[in-house]
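Working through the structure, step by step
If you want the building blocks of each chain, they are given just below.
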Amino acid sequence: MTTFIAPALSYSLLAPILIVLGGAVLGVIAEAFLSRAIRPTVQLSIALGTLVLALAQVWRIRHASSLTAAMSSVTVDGPAILLQGSVLIIAILGVFLIADQDHFTTLAAALPGSPEERDAQRAGEKLTEVYPLTLFAVAGMLLFPIATDLITLFVALEVLSLPLYLMAGLSRRRRLLSQEAALKYFLLGAFSSAFFLFGSAFLYGYSGSLSLAGIHTAVEASSGNQVFLLIGLAFLSVGLLFKVSAVPFHAWTPDVYQGAPTPVTAFMAAATKIAAFGAMLRIFYTAFANAYWEWRPLLTIIAVITMLFGAVVAIAQRDIKRMLAYSSIAHAGFLITGVLALNKSGLDATIFYLFAYGIATIGAFAIVTLVRDSSGEVTDMNRWAGLGKRSPFIATVFATLLLAFAGIPLTSGFIGKFSIFSAAYESGNKAVVVVGVLSSAIAAYFYIRVIVLMFFTDPLDDGTSVVIPSILTRATVIISFAVTIFLGVFPTPLLNFISSTAIFIR
Amino acid sequence: MTSNLLVYLIALPLFGSALLLLAGRKTDKWGHLLATALSAGAFGVGLYEFSQMLSRANDQRAVTQKLFSWISVGSFQVDAGLMLDQLSICFVLLITGVGTLIHIYSIAYMSHDRDRRRFFAYLNLFIAAMLLLVLGDSYLNLYVGWEGVGLASYLLIGFWNQKPTYATAAKKAFVANRVGDLGLSLAIMISFATLGTVSFAGVKAHAGQASTGALTAIGIMLLVAATGKSAQFPLQAWLGDAMAGPTPVSALIHAATMVTAGVYLIIRSNFIFDAAPTAQLLVAIIGAITLLFGAVIGMAKDDIKKALAASTMSQIGYMVLGAGLGPVGYAFAIMHLLTHGFFKAGMFLGAGSVMHGMDDEVNMRRYGGLRKYMPITFATFGLGYLAIIGVPPFAGFYSKDKIIEVAFNMGGIKGVTLGTAALLGAAITAFYMTRVVVMTFAGNKRWDEKAHPHESPALMWVPMVLLALGSVASGFLFTHGNSLVNWLAPVVAPNPAHRSEMLKPAVVSILALVVVLIGVGIAIMKYLRADVPVVAPEDVSIFTKIARRDLLQDDFNEAVFMRPGQKLTQALVLTDSAVIDGAVRGVARMTKGSGSVLRNTQTGFVRSYAMWILLGAIGLIAAIWVVTL
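Helix and strand counts for chain A come out as 20 helices and 5 strands. Its C-alpha atoms give chain A a radius of gyration of 22 Å, near enough to 23 Å, the size a compact globule of 506 residues would have. Of all 506 residues assigned to chain A, the portion counted as buried reaches 66%. Across chain A, the fraction of contacts at a sequence separation of at least 24, relative to all contacts at a separation of at least 6, is 82%. When the accessible surface of chain A is split by element, carbon and sulfur atoms take 69% of a total near 16200 Å². In chain A, 29 positive and 24 negative side-chain charges are present, and the distance between their average locations comes to 4 Å.

Shown next, in the form of structure tokens:
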């Protein structure tokens, strides 16, 4: 008779994830039992409290002595701490934006334009399900970059994706567009997940192991069927590259960014990138580090076409959310450049970039939520003309964030780009650096075009205005502005912290 | 040596700009005075540092100040530090000195503008950024100033953005400058990757170990940066259009300071160019092309500011040519830069004064005979004119002749070609500047009955007089006892090796004077002896037509860069819109029509997205296969 050995889970290391999941469950219960009147406040408090508590736990375990938890299916090492912390900070700012319920439909289940929807609107209902959904997504994002076996990775991927599919369809205005986006995101997400899973199966076939460490050993020994390794590697990459919206797996991005309620877009754009790149870093730096000869040329091509495609197509965009979507595609290319470097400075630079980009992105979308007319947000760029004259502060913040995207000195974006490109250069990948600098020069064109539009063009008289932001939205805007400037002028503390912390444990 | 004062050079104007922008309308009453005082304060700090430098031995004069450690991770070390040496002090005094005069001038020039305070805030911002550019002790710090200068100039050129031509002007300036910035960032990146450092001292120390190939690459990228900022061929097209801004801006940015940043960059990087002869030769060639290019355009322009802008382009061509001639040329390039700072800024202010008196008319064909109505403007403009065409003993004579002389003395075909180009440029300069002066101040009145030309107020003419004094005396001062050459020697050591003297200095001077006289003579025959038609004649030679169209620079850019770029973007958008924009249009139809369309459009387009993913996956596998074969 075999004895049952209780698995050592190391709850302490899992605390951030467990707290967030607990908060999510609590939110579901609150949704079911609390009266409609107090629900929004309670749900917001639960969500924020949970995230802050989880962030505190991440801070507590930053020097943890034992590193693997849950039977080695996750590893809590330096990069894990940094990525989890970034996800949580972004999530807190994201919840600040989500708290502005004006962007969400009142009754997600009702058909657009149906009597039920009108009734719900008249009754002044609020859509509070979005808070627990956010928390579930955050839990998945916390797990994704720390998972060290393929099954856990897949579970984390689904846990983070499913709530996002739903959240994308919750927009109050232009609901058909929003629902279409949600459905597209879901279908394509499922498609790419299948690739991910299929790739996992091939890798299991190759190495006989599901853990990244096991795959690493097999790659090192170059045992097993190489064809399985290559197919597995390619398919796994498809799943990951889909999530980070690299070309040619990007097609969903503009539609979903445009269709989803802007607070959700903000959260999704910033946090998903961190989680997905976190996982990508871990997989490529640990499991496949010795197979770089196979994947590096591949990712180089992807990085080059992603950067160029994103930058060039963004020029032609007339919608601010679509422009930001293509910009996010271009940034995915820059980040892949960091992954490609495959050295310590590449790792540090990518983590810094993720954080800086995430903060700037959430701030930029926060401002998009503020520019409205009588029928909701105004995303047509031409109608942003003259914003600098009407709301100089908001326009200045937006301009600063755009300059950060463009990588102009004294913003976080410059430090991020410079460190990522020099890491890539250090690794000898000079061609990709040249393309990177070239496409950031192209990209600067459309960022600065928006600035010109805001400051140097006369306003149209069409009712577009900047609404007075709520306290929470204002906090998001100000924090993202301050962090972007601070990291541009004094990046050393954070860079040092990242560089001393970020060491992968195999 | 260290000095704690350097930071105040930048901090004073920066503080002014921040205060004026943040405090808003409250500072309307005294904001312009504060801004002027702060700019003068920075000039004071500069003078103090200069006097301190003079009191030290020649090789002890450079001072540094470390502000804080900007980026410091592993091998990636950059301090935010300032460095003031013999080269940068020249710029500091020019920027703050001329800058302060232009501040004073602007008090009167902009007195009717409701947004005068904002204008002064931008002026101060510009001064701060320009000082950071010349004081930074590394390429990265320089880059911060470089971008800051770009931003401030953008704000200033666009200050009167009600002008409809502004949008294209700004866009053009922006594109040219982005290409330049791309060059600078690539240069920084290559230098960091090959030399492991981006500080001037570090690059200078390590330049010897790098391969010539890498240094040539850095040099060429720096040259690209310089052509963008300094309006050199082939990125020169923006300068003429940037004249849409207020005239003091043109004097400050487009004559004395920003456009010289490229020259500064090249001379600051002398250790790179000296080790990369190919890049250096390229610098000289670009300079020679631009000096002729600008001069030819200058001959055909009827807009007084555009004529001056073309002239600026041409004069900076001389500086770049000087910088491309290597160690013997650096000091003369700087000398021409400084003298040009005086006389061109003075002439721009003069042009502003004329426009002020003529209801903002810029067409020289509608001026004429103004010397009686604006005697001070005429006198100061005239002194600047004598300086720019190189009449002894005015400033331009010393600096320009030296560049021509050094160019000839390069020897060989190179020397003859470059020298001849410089000499020819001098003749054309004499022609078009005479044309400007004659059409504006001499001849018949050609203006409307409504115009009442009058002299400008003292606040405007005093700066003009001071600049005119500089145009008269500076050349002599700089060459007296080889003072500027010796002063700059520690930074840009002149080549000690014996150089061939193809032409004696006296011969060059005589040659130059002869061609200048020819140029002046032709212009007088054409524009003083004959009547100047008020409307530009259309029956002119094809060459004039081409010159009027800026030597087809816009047509060239459009055909070579813009159209293909648009085509590429359109093609990419087309491939994308077949799947993406189509979907959006589908939704637009759908929201109008019935819900049943929904199913059809969606399945169709998601299928094509999925197709992309599938093709991508197949592509990945194919690529992996190819790589591992």
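Still more ground to cover, so stick around.
With that settled, consider the overall build of chain B. Regarding its fold elements, chain B presents 25 helices and 2 strands. Within chain B, the fraction of its 629 residues that count as buried is 59%. Long-range contacts, defined as pairs at least 24 residues apart, comprise 81% of the intrachain contacts of chain B with a sequence gap of at least 6. Element-wise, carbon and sulfur atoms account for 67% of the exposed surface of chain B, whose accessible area totals about 23700 Å².

Once that is clear, we can look at the interface of chain B and chain A. Taken residue by residue, the interface counts 56 residues in chain B and 69 residues in chain A. Buried area between chain B and chain A, summed over both chains or domains, comes out near 5500 Å², and the portion from carbon and sulfur atoms is 80%. For the chain B face of the interface with chain A, the top three residues by lost area are Met189, Ile613 and Leu620 of chain B, together amounting to 12%. In this assembly, chain B and chain A are joined by 0 salt bridges. In this structure, the connection of chain B to chain A is made through 1 residue pair in polar contact (both at pLDDT 80 or more). Residue contributions to the side of chain B that touches chain A peak at 16 residues, all from helix α25 (residues 596-628) of chain B.

To continue, consider the environment of Ala349 of chain A. All names here are of chain A. Note on placement: Ala349 falls in helix α14 (residues 344-368). Residues Ala349 and Ile5, 344 residues apart in the sequence, show an inter-C-alpha distance of 42 Å. When sequence neighbours within four positions are dropped, the list of residues in contact with Ala349 reads Ser419 and Ile420.

Turning our eyes to something else, we now look at the sheet that holds strand β5 (residues 465-466) of chain A. Sheets are built from strands that pair by backbone hydrogen bonding, the pairs being arranged parallel or antiparallel. Spatially, the 3 strands line up as an open sheet ordered β4-β3-β5 (chain A), and their pairing is antiparallel. The open sheet has two edge strands with one neighbour each: β4 (376-377) and β5 of chain A.

To continue, consider the nonpolar core. Membership of the largest hydrophobic core comes to 401 residues, with the highest contact counts inside it found for Phe144, Leu241, Phe284, Phe288, Ile336 and Trp384 of chain A together with Ile334 of chain B. Here the element with the most residues in this core is helix α11 (residues 262-287) of chain A; it accounts for 18 residues. Summarising the domain contributions, this core has at least three residues from each of domain 1 (277-544) and domain 2 (556-595 + 605-628) of chain B. In contact with Leu241 of chain A, other than residues within four places in its own chain, are Ala246, Phe249, Met280, Leu299, Ile302 and Ile336 of chain A together with Leu620 of chain B.

Attention now moves to the pattern of salt bridges. Inspection of every chain in the model, using the stated rule, returns 19 salt bridges over all chains. In this structure, the salt-bridge partner of Arg372 of chain A is Asp102 of chain A, at a minimum N-O distance of 3.0 Å. Of the two residues, Arg372 of chain A sits in strand β3 (residues 371-373) while Asp102 of chain A sits in the loop between α3 (78-98) and α4 (115-122), which places them 270 residues apart along the sequence. Here Arg117 of chain B ties to Asp28 of chain B by a salt bridge, and the two come within 2.7 Å at their closest N and O atoms. Here Arg117 of chain B, found in helix α4 (residues 116-135), pairs with Asp28 of chain B, found in the loop between α1 (6-23) and α2 (31-54); they are 89 residues apart in sequence, far enough to count as distant. Residue Arg117 of chain B is classed as buried on the basis of its relative accessible area of 10%. A relative accessible area of 28% places Asp28 of chain B in the partly exposed class. Overlapping salt bridges bring together Asp100, Asp102, Arg173 and Arg372 of chain A as one network.

Take a nonpolar patch on the surface next. Residues and elements named next belong to chain B. A cluster of nonpolar side chains, contributed by Met611, Trp612, Leu614, Leu615 and Ile618, occupies part of the molecular surface with about 470 Å² of accessible area. Within the secondary structure, Leu614 is located in helix α25. Overall, Leu614 belongs to the partly exposed group, its relative accessible area being 35%.

Each pair of packed helices can be summarised by the angle the axes make with each other and by the distance between the axes. Residue and element names in this part refer to chain A. As a packed pair, helix α16 (residues 392-406) and helix α17 (residues 412-426) sit with axes 6 Å apart at the nearest point and diverge in direction by 5°. Classed by the angle they form, the pair α16 and α17 counts as roughly parallel. The segment α16 lies against α17, with Ala404, Phe405 and Ala406 engaging Ser412, Gly413, Phe414 and Lys417. The residue inventory of the contact of α16 with α17, partitioned by class, reads 4 nonpolar, 2 polar and 1 charged.

Once that is clear, we can look at the side chain of Ser200 of chain A. You can see Ser200 of chain A is positioned in helix α7 (residues 175-207). Excluding residues within four positions of it along the chain, Ser200 of chain A makes contact with Leu150 and Leu236 of chain A.

Next up on the list: α3 of chain A. With 21 residues, α3 of chain A should reach 30 Å at 1.5 Å per residue; the first-to-last C-alpha distance of 30 Å fits that figure. The buried fraction of α3 of chain A is high, at 20 of 21 residues.

Residues and elements named next belong to chain A. Under the counting rule described, the total for this entry stands at 35 aromatic pairs over all chains. Summarising the aromatic geometry, the rings of Tyr165 and Tyr185 are spaced 4.9 Å apart at their centres and angled 85° between planes, so their arrangement reads as edge-to-face. Linking Tyr165 in helix α6 (residues 150-168) with Tyr185 in helix α7, this pair joins segments that are 20 residues apart in sequence. What makes Tyr165 buried here is its relative accessible area of 6%. Tyr185 sits in the buried class, given a relative accessible area of 0%. Pairwise contacts between aromatic rings join Phe191, Phe195, Phe198, Phe202, Phe228 and Phe235 into one cluster. Cation over ring: Arg62 sits above Trp59, and NZ or CZ is 3.7 Å from the ring centre.

Residue and element names in this part refer to chain A. Contact geometry for α11 and helix α13 (residues 320-341): axes closest at 11 Å, N-to-C directions at 15°. Put simply, α11 runs roughly parallel to α13. Note on packing geometry: the crossing formed by α11 with α13 is right-handed. Of the residues in α13, those touching α11 at Thr262, Thr265, Lys273, Phe277, Met280, Leu281, Phe284 and Tyr285 are Lys321, Ser328, Ala332, Leu335, Ile336, Gly338, Val339 and Ala341. In terms of residue class, the contact of α11 with α13 is made up of 10 nonpolar, 4 polar and 2 charged.

As a further point, take α16 of chain A. Residue and element names in this part refer to chain A. Between its first and last C-alpha atoms α16 spans 20 Å; for 15 residues at 1.5 Å apiece the expected length is 21 Å, and the two agree. Taking burial as the measure, the 15 residues of α16 include 11 buried ones, the bulk of the element. Three or more residues of α16 are buried, namely Ile394, Ala395, Val397, Phe398, Ala399, Thr400, Leu401, Leu402, Ala404, Phe405 and Ala406.

All right, on to the confidence of the model for chain A then. The predicted coordinates should not be examined in detail at positions where pLDDT is low. The predicted model of chain A averages 89 in pLDDT, with 99% of residues at 70 or higher. Averaged over each element, pLDDT in chain A is lowest for strand β1 (residues 68-69) of chain A (76) and highest for helix α5 (residues 130-143) of chain A (96).

Time to look at the environment of Phe378 of chain B. Residue and element names in this part refer to chain B. Note on placement: Phe378 falls in helix α16 (residues 375-389). Remark: the alpha-carbon pair of Phe378 and Ser314, spanning 64 residues in sequence, is separated by 23 Å. Contact partners of Phe378, with chain neighbours within four places excluded, come to Arg371, Val437 and Phe441.

For the rest of this paragraph, the subject is unusual backbone geometry. Only a minority of non-glycine residues have a phi that is not negative, and only a minority of peptide bonds are not trans. Phe233 of chain B connects to Pro234 of chain B through a cis peptide bond whose omega is 5°. Relative to the helices and strands, Pro234 of chain B resides in the loop between α8 (212-229) and α9 (238-241). The amide bond that connects Pro392 of chain B to the next residue, Pro393 of chain B, takes the cis arrangement and shows omega of 0°. With respect to the element layout, Pro393 of chain B can be found in the loop between α16 and α17 (395-408). For Leu342 of chain A, which is not a glycine, the phi torsion comes out positive at approximately 50°. Assignment of secondary structure puts Leu342 of chain A in the loop between α13 and α14.

Cut-offs and rules
Residues numbered from 1 in each chain as written. Chains lettered and ligands numbered in written order. Predicted model: local features only at pLDDT ≥ 70, side-chain atom pairs only at ≥ 80, totals over all residues. Heavy atoms only, no water. Helix = DSSP H or I, 4+ residues; strand = E, 2+ residues; numbered from the N terminus. Rg over C-alpha atoms; globule rule 2.2 N^0.38 Å. Buried < 20%, exposed > 50% of the residue type's maximum accessible area, 1.4 Å probe, protein only. Contact = heavy atoms within 4.5 Å. Areas by Shrake-Rupley, 256 points an atom, 1.4 Å probe, with all protein chains shown as cover. Lys, Arg positive; Asp, Glu negative; His and termini not counted. Charge placed at Lys NZ, Arg CZ, Asp CG, Glu CD. Buried area = accessible area lost by both parts, 1.4 Å probe. Salt bridge = Lys/Arg side-chain N within 4 Å of Asp/Glu carboxyl O. Polar contact = N/O pair within 3.5 Å; in protein donor to acceptor, adjacent residues only side chain to side chain. Pairing = 2+ DSSP bridges. Core = buried A, V, L, I, M, F, W, Y, C linked by side-chain atoms within 4.5 Å. Domains from an automatic or database assignment. Patch = residues over 30% accessible without salt bridge, like charges linked within 9 Å, V, L, I, M, F, W, Y side chains within 5 Å. Axes fitted to C-alpha atoms, helices over the stretch in contact; angles between N-to-C directions. Parallel < 35°, antiparallel > 145°, perpendicular 65-115°, else oblique. Nonpolar A, V, L, I, M, F, W, Y, C, P; charged D, E, K, R; others polar. Expected span 1.5 Å × (residues − 1). Phe/Tyr/Trp six-rings, centres within 6.5 Å; stacked < 30°, edge-to-face > 60°. Lys NZ or Arg CZ within 6 Å of the ring centre and 35° of its normal. Left-handed = near helix turned anticlockwise from the far one by under 90°. pLDDT = per-residue confidence, 0-100.

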